[in-house]
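Fold and contact review
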Amino acid sequence: VSEELVHQDVALVDLIDRLLGSGVVIAGDITLSVAGIDLVYVGLRALVSSVATAEQKAIAR
Amino acid sequence: VAAVAERGLWAYCVARASDPLPEPLPGVDPEYATARVEHGPLAALVSEVALDEYGEEALRRNLNDFAWLERVARAHEGVLERALEDATLVPLRLCTIFADEAGVRAMLSAREADLGAALETLTGREEWTVKLLVDREALKAAAGAEAPGGDPAAEAGSGAAYMLGRRRERELRERAAELAAGLAGEVHERLRAGAVAAVIGRPQNRELSGHAGDMLLNAAYLVERDEVESLRERVAALEAAHRALGVRLELRGPLPPYNFVPQEGA
């Protein structure tokens, strides 16, 4: 995923972060278990996020 | 007669049964159109999906295929943005899939209270996101201009001058970081003051998202619909006030309110 993702536009990175990282989590009965999605998402999320810098910590305070 | 591929129901969002949902649109699986499934006071917007592509095993594979993920994410978002034009909605996470309508109804029944409460919170309000970007060089220049100038020990031995230079460089970096934090804090406070709720996200990695400048703030605001104009004005005023720092504020909305729905689920 990583190398492809690097070349995508900001809106898309943003979109995927929103659609997979937030929203009401309801376990569908087909069920992609929520855990299954999370496994995929952990890798993606590491890419999408940057490590918090000192400035960001200051904001979050 | 077993030739038909098995299908499931992909759910996009939940709305009040009394709110209008869009006419059938192409779903994430373009073979099938969106439809509504009602139960009591709630309705879910769904579309059929072929399980050989959207079943659990297939999804594990397909979610790692970036082109597939992009197509599905854009289709899901497209349906939500269309639905958002006419209804208050609670967006669901990508890949919420049910076996059949009975499964969707069972979910609407089991989650009636918290979904209803989420819809109450969102009624008449919109989610807008703001990204604060600054030009790193402009920020450093501003930090330098504010720092105590000159260097009285310039004539001192080279060792001392070196140490002094190092210290000054460090102070400059610290001052730039303070300026950045102050700026982000100011922007967030100003925008939050006009919002019902606010969420600060993680600033995005520059290499990844390709944005110019440093992202100092990546926030979402839930605002009353009649406060949106005021939000635009605040954003424009903040941008103008800090133009010298190369500040850009990217405002987007209204968006499906992913940041303002309960994040814990059953």
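The structure under discussion appears in the preceding block.
Residues numbered from 1 in each chain as written. Chains lettered and ligands numbered in written order. Predicted model: local features only at pLDDT ≥ 70, side-chain atom pairs only at ≥ 80, totals over all residues. Heavy atoms only, no water.

1. Looking at the overall build of chain B
Helix and strand counts for chain B stand at nine helices and nine strands. A burial count over chain B gives 45% of its 266 residues as buried. Within chain B, contacts between residues separated by at least 24 positions form 74% of all contacts whose residues are at least 6 apart in sequence. As presented, chain B carries roughly 12600 Å² of accessible surface, and 52% of it is formed by carbon and sulfur atoms. (Helix = DSSP H or I, 4+ residues; strand = E, 2+ residues; numbered from the N terminus. Buried < 20%, exposed > 50% of the residue type's maximum accessible area, 1.4 Å probe, protein only. Contact = heavy atoms within 4.5 Å. Areas by Shrake-Rupley, 256 points an atom, 1.4 Å probe, with all protein chains shown as cover.)

2. Considering unusual backbone geometry
Residues and elements named next belong to chain B. Of the consecutive residues Gly253 and Pro254, the connecting peptide bond is found in the cis state with omega at -10°. Look at Cys95: it is not a glycine, yet its phi comes out positive at around 70°. Here Cys95 shows up in the loop between β4 (89-91) and β5 (97-98).

3. Side note on the environment of Leu132 of chain B
All names here are of chain B. As for its position among the elements, Leu132 is in strand β6 (residues 125-134). Considering only alpha carbons, one finds Leu132 and Leu183, 51 residues apart in sequence, at a separation of 9.1 Å. When near neighbours in sequence (up to four residues on either side) are disregarded, Leu132 contacts Leu183, Ala184, Val187, Asp214, Met215, Leu216, Leu217, Val247, Arg248 and Leu249.

4. Examining the side chain of Arg18 of chain A
Here Arg18 of chain A lies in helix α2 (residues 10-21). Overall, the relative accessible area of 7% leaves Arg18 of chain A in the buried class. Of note is the side chain of Arg18 of chain A, whose polar atom sits 2.9 Å from the side chain of Glu127 of chain B. Setting aside residues no more than four positions away along its own chain, Arg18 of chain A makes contact with Glu77, Glu127, Thr129, Leu255, Pro256, Tyr258 and Asn259 of chain B. (Polar contact = N/O pair within 3.5 Å; in protein donor to acceptor, adjacent residues only side chain to side chain.)

5. Comments concerning the nonpolar core
The biggest cluster of nonpolar side chains holds 32 residues, and the ones touching the most others in it are Trp10, Tyr12, Tyr54 and Leu94 of chain B. Taken together, the elements giving at least two residues each to this core come down to α2 of chain A together with β1 (7-16), β3 (42-50) and α3 (66-84) of chain B. With eight residues, the single largest contributor to this core is α3 of chain B. Contact partners of Tyr12 of chain B, with chain neighbours within four places excluded, come to Gly27, Val28, Thr34, Leu45, Val46, Ser47, His76, Val79, Leu80, Val90, Pro91 and Leu92 of chain B. In this structure, Ala176, Ala184, Leu191 and Val223 of chain B belong to the second largest nonpolar core, which totals 26 residues. (Core = buried A, V, L, I, M, F, W, Y, C linked by side-chain atoms within 4.5 Å.)

6. Some details on helix α7 (residues 158-192) of chain B
With 35 residues, α7 of chain B extends 50 Å between its outermost C-alpha atoms, agreeing within 8% with the 51 Å of an ideal straight helix rising 1.5 Å per residue. Looking only at α7 of chain B, the buried set comprises Ala176, Leu179, Ala180, Ala181, Leu183, Ala184, Val187, His188 and Leu191 of chain B. (Expected span 1.5 Å × (residues − 1).)

7. Quick look at the sheet that holds β6 of chain B
Residues and elements named next belong to chain B. Ordered in space as β7-β8-β6-β9, the four strands form an open sheet in which the pairing is antiparallel. Taken across any chain shown, the strands that pair with only one partner, and hence form the sheet edges, are β7 (197-200) and β9 (248-255). On average, each strand axis in the sheet is inclined to that of its neighbour by 20°, with strand direction left out of account. Pairing of β7 with strand β8 (residues 214-224), which is carried by four bridges, proceeds in the antiparallel orientation. Looking at β8, one finds that Ala197 is bridged to Leu222. (Pairing = 2+ DSSP bridges. Axes fitted to C-alpha atoms, helices over the stretch in contact; angles between N-to-C directions.)

8. Things to note about the packing of aromatic side chains
Residue and element names in this part refer to chain B. Applying the stated rule across the entire model yields three aromatic pairs over all chains. Measuring from centroid to centroid gives 5.8 Å for Trp10 and Tyr54, while their planes differ by 85°, and the two rings are edge-to-face. Here Tyr54 lies in helix α1 (residues 51-54) and Trp10 lies in strand β1, a separation of 44 residues in the sequence. For Trp10, a relative accessible area of 0% gives the class buried. Exposure remark for Tyr54: the relative accessible area of 0% places this residue in the buried category. Consider the rings of Tyr54 and Trp68, whose centres lie 5.4 Å apart with planes at 50°: the pair is tilted. Of this pair, Tyr54 sits in helix α1 while Trp68 sits in helix α3, placing them 14 residues apart in sequence. These aromatic residues form a ring-pair network of at least three members: Trp10, Tyr12, Tyr54 and Trp68. (Phe/Tyr/Trp six-rings, centres within 6.5 Å; stacked < 30°, edge-to-face > 60°.)

9. Section: the pairing of β3 of chain B
Residues and elements named next belong to chain B. β3 sits mainly inside the fold: eight of its nine residues count as buried. Two strands pair when backbone bridges link them, and β1 and β3 are joined in this way by nine bridges, in the antiparallel orientation. Along β3, the bridge assignment pairs Ala11 with Val46. Looking at chain direction, strand β2 (residues 34-39) and β3 are connected through six bridges and run antiparallel. Its bridge partner being in β3, His39 is matched across the sheet by Leu42. Counting the residues between successive antiparallel strands, the hairpin from β2 to β3 contains two residues, one of them, Gly40, with a positive phi of roughly 60°.

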